Amino acid sequence: MMIIKVENLAVDKAAAVIRKYDYPLLFVHGAGGNTRYLHNYLNFFAAAGWDCYAVNLRGHGASALDPRLAFLTIEDYAADVNAVCTALNIENCVLIGHSMGGLVCQKAAEGAEKIKALVLIATTPPQGVKFEFENNFVLVKMILRVIWSNIRGKALQTSYAAASKTVMNNIADRDKQAVFEMLGPESMVAGRQVARGYPIAMDKIRCPKLVIGCKKDNIALERMQEKIAKFINADKYIAYEQFGHMIMLEKGWEKSAEDIRDWLITTAAK
């Protein structure tokens, strides 16, 4: 794994072991995340024949600290994705977004003629699909946290207890601390955009689309993912019984990677 600097952004690259495909994959992490939790996928797909990249959005992970983190927007993050594509000459990539990264990828794909395909994993919904929660207590806590962050003008930061019940609910207990250490602060403004519903011009996304939902996901409910797939007219929808929100870190994660691989081979190559 190597790190490439694109201005203030740090981009992880896993080169194809033997390059089989002439288009790369670009992964985009979710809210408060970074590229570290995507490494299982990067290594898998590099071994399968793709050059793989993952961007640390501004203010996240190995990218430069951003004093405006609390006020960054979905537009800012989409601009990061587009900047990486242009700088690295990978405009013909497949965009693979997880959680909020899925919404960022949707925005980045608007009007992008060269994008080969769009893969949305446990994605944040675009405007037009209601953000649903299984546990009202979790929803209330998240809303209160956003309100408090707005009052203080500071970035959102989850707690271990909250993360354990939401994004890490299906992570093995022995691994939870390590996963939690991969999580950091997130923009309150981006959080507010997500909560209100962020508009995406779906008619401007012309590439094939795959949506993935997980039955054990407590933060991006599987039934919501199915609605997203229908709303965006996805080419394929996959639902997993065994996975939660952090699918790429959970036991048996390879199954999801294999299914994405197979879909790309049959769809993106057309």
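Residues numbered from 1 in each chain as written. Predicted model: local features only at pLDDT ≥ 70, side-chain atom pairs only at ≥ 80, totals over all residues. Heavy atoms only, no water.

Asker: Just to check I follow, could you spell out the sheet that holds strand S5 (residues 94–98) for this structure?
Answerer: Neighbouring strands of a sheet are bound in pairs by backbone hydrogen bonds; such pairs are parallel or else antiparallel. Pairing within the open sheet is mixed, and its 8 strands lie in the order S1-S2-S4-S3-S5-S6-S7-S8. The open sheet terminates on both sides in strands that have one partner only, identified here as strand S1 (2–6) and strand S8 (236–240). Taking each pair of neighbouring strands and ignoring which way they run, the sheet shows an average axis angle of 20°. In terms of strand pairing, S1 meets strand S2 (residues 9–14) through 5 bridges, oriented antiparallel. Across the sheet, the residue bridging to Ile4 is Val11, located in S2. Sitting on the sheet, helix H8 (residues 222–231) is in contact with strand S7 (209–214) and S8, with an inclination near 165° to S7. Where helix H9 (residues 254–267) meets the sheet, it contacts strand S3 (25–28), S5, strand S6 (117–121), S7 and S8, and its direction lies at approximately 160° from that of S6. (Pairing = 2+ DSSP bridges. Helix = DSSP H or I, 4+ residues; strand = E, 2+ residues; numbered from the N terminus. Axes fitted to C-alpha atoms, helices over the stretch in contact; angles between N-to-C directions. Contact = heavy atoms within 4.5 Å.)

Asker: Sorry if this is basic, but what is going on with the packing of helix H2 (residues 74–87) against helix H7 (residues 188–196) here?
Answerer: Any two packed helices are characterised by the angle at which their axes cross and by the distance between the axes. Running from N to C, H2 and H7 point in directions that differ by 105°, and their axes come no closer than 8 Å. Between H2 and H7, the angle is such that the two are roughly perpendicular. The residues of H7 that touch H2, namely those facing Ile74, Glu75 and Tyr77, are Ala190, Gln193 and Val194. Looking at side-chain class alone, the contact of H2 with H7 contains 4 nonpolar, 1 polar and 1 charged residues. (Parallel < 35°, antiparallel > 145°, perpendicular 65-115°, else oblique. Nonpolar A, V, L, I, M, F, W, Y, C, P; charged D, E, K, R; others polar.)

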